[in-house]
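Summary of the model geometry
Chain residues, written in single-letter form:
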Amino acid sequence: MSTELDLVVKAPRIISTAGEVGRCIGVAGGRIVAIEPLDSDLSARQHVELGDDEVLMPGLVDSHVHVNDPGRTEWEGFTSATRAAAAGGVTTIIDMPLNSIPPTVDVAALDLKRKTAEGQCFVDVGFWGGAVPGNVTDLRPLYDAGVFGFKCFLLHSGVDEFPHLDPPELEAAMRELRSFDGLMIVHAEDSHAIDRAPTAHGESYQDFLASRPRGAENLAIAQVIELARWTGCRVHILHVSSSDALPMIASAKREGVDLTVETCPHYLSFSAEEIPDGATQFKCCPPIRESGNREQLWKGLEDGTIDMVVSDHSPSTVDLKCLDIGDFGVAWGGISSLQLGLPAVWTQARRRGFTLVDVARWMCQAPARQTGLRTKGRIEIGYDADFSVFAPDEAFVVDVHKLHHKNAVTPYADRPLAGVVRSTWLRGRRIDIDQEPRGRLLTRGGA
Ligand SMILES: [Zn+2]
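Residues numbered from 1 in each chain as written. Predicted model: local features only at pLDDT ≥ 70, side-chain atom pairs only at ≥ 80, totals over all residues. Heavy atoms only, no water.

**Overview of the overall build of the chain**
Here is the rule: Counting from the N terminus, the helices are the DSSP runs of H or I reaching at least four residues and the strands are the DSSP runs of E reaching at least two. Radius of gyration: over C-alpha atoms. The globule rule applied is 2.2 Å multiplied by the number of residues raised to the 0.38 power. When a residue's accessible area, from a 1.4 Å probe over protein chains only, is under 20% of the maximum for its type it is buried; when over 50% it is exposed; and in between it is partly exposed. Should any heavy atoms of two residues lie within 4.5 Å, those residues are considered in contact. Accessible surface is estimated by sampling points in the Shrake-Rupley manner with a 1.4 Å probe; for residues, cover comes only from the protein chains shown. Working convention for charge: Lys and Arg count positive, Asp and Glu count negative, and His plus the chain ends are omitted. For charged residues, the charge sits on one atom: NZ in Lys, CZ in Arg, CG in Asp, CD in Glu.
When helices and strands are counted, the chain shows 12 helices and 17 strands. Here the C-alpha atoms of the chain give a radius of gyration of 21 Å, agreeing with the 22 Å that 2.2 N^0.38 yields for 447 residues. Each principal axis of the C-alpha distribution contributes one length, and for the chain these read about 65 × 45 × 45 Å. Buried positions account for 60% of the 447 residues belonging to the chain. Restricting to contacts in the chain with at least 6 residues of sequence separation, those with at least 24 account for 75%. Carbon and sulfur atoms make up 48% of the accessible area of the chain, which amounts to about 16,400 Å² in all. Looking at charge distribution, the chain has the averaged site of its 44 positive side-chain charges lying 4 Å from that of its 62 negative ones.

What follows is the structure, given as structure tokens:
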């Protein structure tokens, strides 16, 4: 069998579920077919030997990416997004149903999105559907057509063509999803609580923070948990920012509510205290909160209350970020970070005593498990040979003009980060972002 291998990777440091180990990996037909001791003599058509300063990680699975294509391709697009993903060690993204036009709320829109993405993707791409008022009967057909689950908002989404669900609509959609074991993923901020909070305007970050209070997030998360309990629908809370919500999340999980939770690199990296007034590149919703809150989010990752870390890459054009006037009331709320997620999280994680095994659990394994990708997120026999070759002790300073995102805005600009992605491999082949894209379009259960 050793003569049939396409690729052998000899790596003194592999990030596996058993820890960091030295192994020789054999790949055939795009899958991992052998994991042998480092000194074994597997032979293949192609041999790669990693240095002692490099680790072989599973390719990252980023289940929260706004590609915005079709319809808002000046914001991003499949080509630029998947180039950035590949450059950042990400081998699978799941695209959000909104900010593209049309939003992915029925099968026709999904078909159009797939047609748009076809042949443009350097990494594998799957799609979320959307749950909006009036589309309950579209949910099952969308699920059958291969979406991974359904996103909904509980307040204005930021774009008018993707309206939010009120509580009765949310319950109806969750009951429908329960009937076919679908997954609801929720942007949890409560509409009424946000309406009653002070309005954000001007340059003050503190005013913006006050306009998106923890209470609005806590309330919405509590509602979603109760609906999950009543309906039995599987739910996932997107981009948790308020650490106040962690005890009730932990309690719901203990009681058996089918619930998963993500947070994002920016909530783990930055703090409200250090964001300068007018620095709208930091604007996102829910907002980046205080440093004490950030440390509680790290504790939530440590104890498993938070399952995963994904980017919520939500770019816009430079002018919509309003960097010139620095007005938090009008700037687009969304942070660009797809290419930077791994080094951003690693920079903060290592400082707090975590290892790359932890990072791989949060950024590879858990998002793959949560989206039902049975061949992604691990270096194990039978899994896709999707790898990131990462040099964890090398550092770099973020130069926005060297990123592959379409628009050169990110709060990580000019920051030093630890860890450099040296190469990214998809199904046993090194991704070359100047060659023909080889990424596949994924359907739920199909990978
Ligand atoms: Zn998002």
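**Points about the sheet that holds strand 7 (residues 90–95)**
Each strand in a sheet pairs with another by means of backbone hydrogen bonds, the pair being arranged parallel or else antiparallel. Selection criterion: Here, a strand pair is defined by DSSP locating no fewer than two bridges between the strands. Angles shown run from 0 to 180 degrees and are taken between the N-to-C directions of axes, each axis being a line fitted to C-alpha atoms and, for helices, limited to the stretch in contact.
Spatial strand order, 6-7-8: three strands in an open sheet with parallel pairing. Strands at the two margins of the open sheet, each flanked by one partner only, are strand 6 (60–65) and strand 8 (124–127). Strand after strand, the sheet turns through a mean of 20° between neighbouring axes, direction not considered. By the bridge criterion, four bridges tie strand 6 to strand 7 in an arrangement that is parallel. When the bridges of strand 7 are listed, Val-65 appears paired with Asp-95.

**What about the coordination of the zinc ion?**
Filter applied, for reference: Sites may look incomplete, because water is not among the atoms used; the donor set itself consists of N, O and S atoms within 2.8 Å of the metal (3.2 Å for Na, K and Ca).
Listed as protein donors to the zinc ion are His-64 (NE2), His-66 (NE2) and Asp-312 (OD); their distances from the metal cover 2.1 to 2.2 Å. Motif for the zinc ion, donor spacing along one chain: H-x1-H-x245-D. Each member of the pair, His-64 as well as His-66, carries the same accessibility label: buried.

**Quick notes on the pattern of salt bridges**
A side chain of one charge can pair with a side chain of the opposite charge if their charged atoms are brought near each other. Under the convention used in this document: For this analysis, a salt bridge means a side-chain nitrogen from Lys or Arg found within 4 Å of a carboxyl oxygen belonging to Asp or Glu.
Counted under the stated rule, the structure contains 27 salt bridges. A salt bridge links Arg-422 to Glu-54; the nearest nitrogen and oxygen atoms lie 3.0 Å apart. Here Glu-54 lies in the loop between strand 4 (44–49) and strand 5 (55–58) and Arg-422 lies in strand 16 (residues 416–426), a separation of 368 residues in the sequence. Residue class for Glu-54 comes out buried when judged on its relative accessible area of 12%. Where Arg-350 meets Asp-393, a salt bridge forms, and the shortest distance between an N and an O atom there is 2.6 Å.

**So, the side chain of Thr-410**
Note the threshold: We define a polar contact as two N or O atoms separated by no more than 3.5 Å, with the added condition that, inside protein, one atom must be a possible hydrogen donor and the other a possible acceptor, whereas residues neighbouring each other in sequence contribute only through side-chain atom pairs.
Within the secondary structure, Thr-410 sits in the loop between strand 15 (387–397) and strand 16. Looking at Thr-410, the relative accessible area reads 4%, which means it is buried. Of note is the side chain of Thr-410, whose polar atom sits 2.7 Å from the backbone oxygen of Ser-336. Here Thr-410 is in contact with Gln-281, Ser-336, Leu-340, Val-400 and Leu-403, once residues within four sequence places are set aside.

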